[in-house]
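Working through the structure, step by step
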Amino acid sequence: MYLDVLHQAALLDHSTWAHPDTWNAALENVASRRSSRRGGSFWMFSAVCCIGVIVLILGLVYLMTGRRRR
């Protein structure tokens, strides 16, 4: 999490990073970017689960119709 902040620290003047508001703003920016990624991964996981359930239902229907034919 702090790797981005430390990477940017080398690019700025030392007096800029000495100010506490700069650290707060940088850490809030990193935290907001991380939280937005988590929301995307939740929807990706939900989509995979949904597709898995649909495949499972279709597989069960296929197996049940195959047994009726025999």
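The sections below set out a description of the structure shown in this document. (Residues numbered from 1 in each chain as written. Predicted model: local features only at pLDDT ≥ 70, side-chain atom pairs only at ≥ 80, totals over all residues. Heavy atoms only, no water.)

This next bit is on the overall build of the protein. Looking only at helices and strands, one finds three helices and zero strands in the protein. The helix and strand sequence of the protein, counted from the amino end, reads α-α-α. Within the protein, buried positions represent 7% of all 70 residues. Surface exposure of the protein reaches about 6300 Å², of which carbon and sulfur atoms provide 67%. (Helix = DSSP H or I, 4+ residues; strand = E, 2+ residues; numbered from the N terminus. Buried < 20%, exposed > 50% of the residue type's maximum accessible area, 1.4 Å probe, protein only. Areas by Shrake-Rupley, 256 points an atom, 1.4 Å probe, with all protein chains shown as cover.)

Another aspect to go through is a nonpolar patch on the surface. Judged by side-chain polarity, Leu-56, Leu-60, Tyr-62 and Leu-63 come together as a nonpolar surface patch covering roughly 470 Å² of accessible area. If you trace the backbone, Leu-63 turns up in helix α3 (residues 20-69). (Patch = residues over 30% accessible without salt bridge, like charges linked within 9 Å, V, L, I, M, F, W, Y side chains within 5 Å. Salt bridge = Lys/Arg side-chain N within 4 Å of Asp/Glu carboxyl O.)

Turning our attention to the state of the cysteines. Defined simply, a disulfide is a covalent bond joining two cysteines at their sulfur atoms. Tallied over the entire structure, the rule returns zero disulfides. There is no disulfide at Cys-49, and the cysteine sulfur nearest it, in Cys-50, is 8.4 Å away. The exposure class assigned to Cys-49 is partly exposed, which follows from its relative accessible area of 34%. (Disulfide = S-S within 2.5 Å.)

Treat this as a map of the structure, not an account of what it does.
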